[in-house]
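Architecture and fold: a report
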Amino acid sequence: MLKSKIHVLTNIQGLFLLVYEDAQGHKFEALSPNGEVYRHGEIYYNAASAKAKGRLWIQQLMTEDF
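About the cut-offs
Residues numbered from 1 in each chain as written. Predicted model: local features only at pLDDT ≥ 70, side-chain atom pairs only at ≥ 80, totals over all residues. Heavy atoms only, no water. Core = buried A, V, L, I, M, F, W, Y, C linked by side-chain atoms within 4.5 Å. Buried < 20%, exposed > 50% of the residue type's maximum accessible area, 1.4 Å probe, protein only. Helix = DSSP H or I, 4+ residues; strand = E, 2+ residues; numbered from the N terminus. Contact = heavy atoms within 4.5 Å. Expected span 1.5 Å × (residues − 1). Arc of directions from axis to C-beta. Polar contact = N/O pair within 3.5 Å; in protein donor to acceptor, adjacent residues only side chain to side chain.

Before going further, it helps to examine the nonpolar core. Considering soluble globular proteins, one finds that nonpolar side chains tend to be buried as a cluster. Val-19, Phe-28 and Ala-30 are the most contacted members of the largest nonpolar core, which totals 14 residues. The set of elements that each furnish at least two residues to this core consists of strand E1 (5-12), strand E2 (15-22), strand E3 (25-31) and helix H1 (47-63). For this core, the element with the highest residue contribution is H1, accounting for 5 residues. In this structure Ala-30 touches Leu-15, Phe-16, Glu-36, Val-37, Tyr-38, Trp-57, Ile-58 and Leu-61, once residues within four positions along its chain are discounted.

The structure is reproduced here in structure tokens:
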């Protein structure tokens with residue numbers, strides 16, 4: 001069984017930023033209040049760098065009409 005660990009779950013500009021670690025490394029996703037999931041494919045070495053990139057990514061998503 002593959003285990004995942006959640007490091008951060010926070011609300012940024014109406015989207016939830018989820019930073020987690022799985023067998024491949026640290027990743028992040030954005031979750032909308034209506035259940036849509038926006039996946040980001042990059043893998044990071046630590047939770048802090050995934051969180052920093054996730055915050056920037058959400059700001060970019062918010063400037064687009066996602």
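Here the narrative resumes.
This part covers H1. Here H1 is 17 residues long and its end C-alpha atoms lie 24 Å apart, about the 24 Å a rise of 1.5 Å per residue gives. Those residues of H1 that fall on the buried side of the exposure criterion are Ala-47, Ala-50, Gly-54, Trp-57, Ile-58 and Leu-61. When H1 is viewed along its axis, its buried side chains cluster within an angular range of 105° and face the same direction. Along H1, exposed side chains directed more than 90 degrees from the buried face belong to Ala-48 and Thr-63. Looking at the buried residues of H1, the elements they touch are E1, E2, E3 and strand E4 (37-39). Among the residues of H1, the N-terminal cap falls to Asn-46, whose side-chain oxygen and the backbone nitrogen of Ala-48 are separated by 3.3 Å.

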